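# An overview of the molecular structure
What follows is the residue order along each chain.
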Amino acid sequence: MIYFKDGKFLEEDEVHVSVNDRGYAFGDGVYEVIKIYDGALYTAQEHLERLIESAEKIRMAMPYTIEELGEIIQKLQTENEITMGHIYLQVTRGVAPRVHQFPESIQPVVVGYAVENERPMHYLQQGAAMKSVEDVRWLRCDIKSLNLLGNVMAKQEAFDHGCQEALFVRNGLVREGSSSNVFGIKDGVLYTHPANNFILNGITRRVVLQLAKNLNIPVEEKEFTLPQALEMDEFFYTSTNAEITPAVTIDQQPIGQGVPGPLTRKLQVAFDAQIPMLVASGNVEERESNGPAS
Ligand code: PMP
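Residues numbered from 1 in each chain as written. Predicted model: local features only at pLDDT ≥ 70, side-chain atom pairs only at ≥ 80, totals over all residues. Heavy atoms only, no water.

### Things to note about the overall build of the protein chain
Broken down by element type, the protein chain carries 10 helices and 15 strands. Here the protein chain has a C-alpha radius of gyration of 19 Å; the compact-globule value for 294 residues is 19 Å, and the two agree. Projecting the C-alpha coordinates of the protein chain onto the three principal axes gives extents of approximately 55 × 45 × 35 Å. With 294 residues in all, the protein chain has 54% of them scored as buried. Look at the contacts in the protein chain between residues 6 or more apart in sequence, and 70% of them connect residues 24 or more apart. Of the accessible surface of the protein chain, which amounts to about 13700 Å², a share of 52% is contributed by carbon and sulfur atoms. (Helix = DSSP H or I, 4+ residues; strand = E, 2+ residues; numbered from the N terminus. Rg over C-alpha atoms; globule rule 2.2 N^0.38 Å. Buried < 20%, exposed > 50% of the residue type's maximum accessible area, 1.4 Å probe, protein only. Contact = heavy atoms within 4.5 Å. Areas by Shrake-Rupley, 256 points an atom, 1.4 Å probe, with all protein chains shown as cover.)

### Focus: the packing of helix α6 (residues 203–214) against helix α8 (residues 262–273)
Their axes nearest at 10 Å, the elements α6 and α8 cross at an angle of 105°. Relative to α8, α6 is oriented roughly perpendicular. Between α6 and α8, the residues in contact are Thr204, Val207, Val208, Leu211 and Ala212 and Leu267, Ala270 and Phe271, respectively. A breakdown of the residues in the contact of α6 with α8 according to their chemical character gives seven nonpolar, one polar and no charged. (Axes fitted to C-alpha atoms, helices over the stretch in contact; angles between N-to-C directions. Parallel < 35°, antiparallel > 145°, perpendicular 65-115°, else oblique. Nonpolar A, V, L, I, M, F, W, Y, C, P; charged D, E, K, R; others polar.)

### What to know about the nonpolar core
Val30, Ile34, Leu41, Leu48, Ile73, Ile87 and Leu89 are the most contacted members of the largest nonpolar core, which totals 23 residues. Put simply, the parts of the chain that give this core at least two residues each are β3 (29–37), α2 (44–57), α3 (66–80), β5 (85–92) and β6 (109–116). It is α3 that provides the largest number of residues to this core, a total of five residues. With 21 residues, the next largest nonpolar core counts Tyr37, Tyr42, Leu263 and Leu267 among its residues. (Core = buried A, V, L, I, M, F, W, Y, C linked by side-chain atoms within 4.5 Å.)

### Some remarks on α2
Here α2 is 14 residues long and its end C-alpha atoms lie 20 Å apart, about the 20 Å a rise of 1.5 Å per residue gives. Taken residue by residue, α2 has Ala44, His47, Leu48, Arg50, Leu51, Ser54 and Ala55 as its buried positions. Along the axis of α2, the buried residues cluster in a sector spanning 160°; they form a single face. Buried residues along α2 sit against β3, β4 (40–41), α3, β5 and α6. (Expected span 1.5 Å × (residues − 1). Arc of directions from axis to C-beta.)

### Some thoughts on the side chain of Thr245
Summarising the element assignment, Thr245 is placed in strand β14 (residues 243–250). Given a relative accessible area of 1%, Thr245 falls into the buried group. Apart from residues lying up to four places away in sequence, Thr245 is in contact with Tyr123, Leu124, Ala128, Phe236 and Tyr237.

### Comments concerning the domain arrangement of the protein chain
By the assigned domains, the protein chain splits into domain 1 (2–118) and domain 2 (122–290). The centre of domain 1, based on its C-alpha atoms, is set 26 Å off from the matching centre of domain 2. When domain 1 packs against domain 2, the two sides together hide about 2100 Å² of surface, and 59% of this comes from carbon and sulfur. Summed over the three residues of domain 1 that lose the most area to domain 2, namely Tyr31, Tyr37 and Arg50, the buried surface amounts to 32% of that side. Inspection of the region where domain 1 meets domain 2 yields one salt bridge. The shortest N-O distance in the salt bridge between Asp142 and Lys57 comes to 2.9 Å. Counting the contacts that link domain 1 with domain 2 gives 10 residue pairs in polar contact (both at pLDDT 80 or more). At the level of secondary structure, the elements contributing two or more residues to the side of domain 1 that touches domain 2 comprise α1 (22–26), β3, β4, α2 and β5. When residues in the side of domain 1 that touches domain 2 are grouped by element, the largest group, eight residues, is from β3. Grouping the amino acids of the side of domain 1 that touches domain 2 by side-chain chemistry returns 12 nonpolar, 10 polar and six charged. (Domains from an automatic or database assignment. Buried area = accessible area lost by both parts, 1.4 Å probe. Salt bridge = Lys/Arg side-chain N within 4 Å of Asp/Glu carboxyl O. Polar contact = N/O pair within 3.5 Å; in protein donor to acceptor, adjacent residues only side chain to side chain.)

### Brief notes about the site of the ligand
Close contacts around the ligand come from 17 residues, with Lys144, Glu176, Ile203, Thr204 and Thr240 the closest. The side chain of Glu176 places a nitrogen or oxygen atom 2.7 Å from a nitrogen atom of the ligand. Here an oxygen atom of the ligand and a side-chain polar atom of Thr204 are 2.6 Å apart. In isolation the ligand exposes 390 Å². Once the protein is present, 92% of that is buried. For the shell around the ligand, the elements supplying multiple residues, two or more each, are α2, α6 and β13 (234–239). Each residue belonging to the shell around the ligand can be placed in one class, and the counts come to two nonpolar, 11 polar and four charged. (Near = heavy atom within 4 Å.)

Right, here's the structure in full:
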């Protein structure tokens with residue numbers, strides 16, 4: 001596996017990160033996960049733009065232009081010959097003795113690598129279980145920062161209860177998943193949390209909103225409560241790796257009929273159809289023929 005670090009493409013045993021890296025000490029950095037479908041990067045531009053925005057929000061200088069970052073992630077894909085998987089790219093504020101305030105004139109550290117993984121076909125087809133968890137994270141969830149302890153704790157709590165994803169609830173309102181955005185469908189209307197400081201504005205979330213528009217599904221970007229979520233006809237969560245995963249239970253209570261719903265299916269089919277690499281490779285057929293009838 002070839003890694004990227006600070007301008008060089010290296011073998012794993014050649015990549016070294018300092019214990020004084022502020023990412024290690026403080027989680028002082030930002031990151032992105034960019035999907036690779038059949039050898040091609042998907043929505044890379046949007047991810048890199050968000051990385052730059054996250055860096056600006058934490059007042060961190062980005063050492064590369066968006067074009068240079070694009071070249072780096074492309075090279076990680078080709079060098080590692082990844083067909084299905086993702087690129088992980090992170091930027092930390094740099095290396096300095098541990099003091100909280102920003103040290104002067106330090107260089108950000110950029111690390112990237114590629115991961116081979118399959119699409120989560122089982123959950124895409126059968127749906128997944130969610131567990132509600134109190135959202136105790138900070139109030140800048142719009143920043144894709146390395147500080148993920150709140151997310152990690154929530155995901156573990158969900159796993160401990162046999163669920164695949166946590167559903168964050170803050171002040172009684174459903175916010176997002178531990179590593180995903182969430183959507184509910186009630187009487188044909190698609191509901192999701194507005195893009196503000198309480199959630200990360202997911203790239204997949206934006207794709208889904210566009211698909212809903214194309215399909216003439218009415219959308220309401222507004223908050224809803226956990227009891228309202230439980231009363232939805234359909235529910236799903238979205239992320240770069242989870243794509244559009246139907247949530248068939250929340251806190252062990254079935255949503256709708258307790259199976260992936262028809263509008264969720266429609267959005268999944270539309271999602272596959274807008275990925276040219278998937279259409280070309282026939283992956284779409286596989287999903288449609290193997291999935292339960294909608
Ligand atoms: N919210 C959180 C907290 C996440 O970690 C993620 C995954 N990065 C998302 C939402 C979904 O974002 P995206 O669709 O860009 O992967």
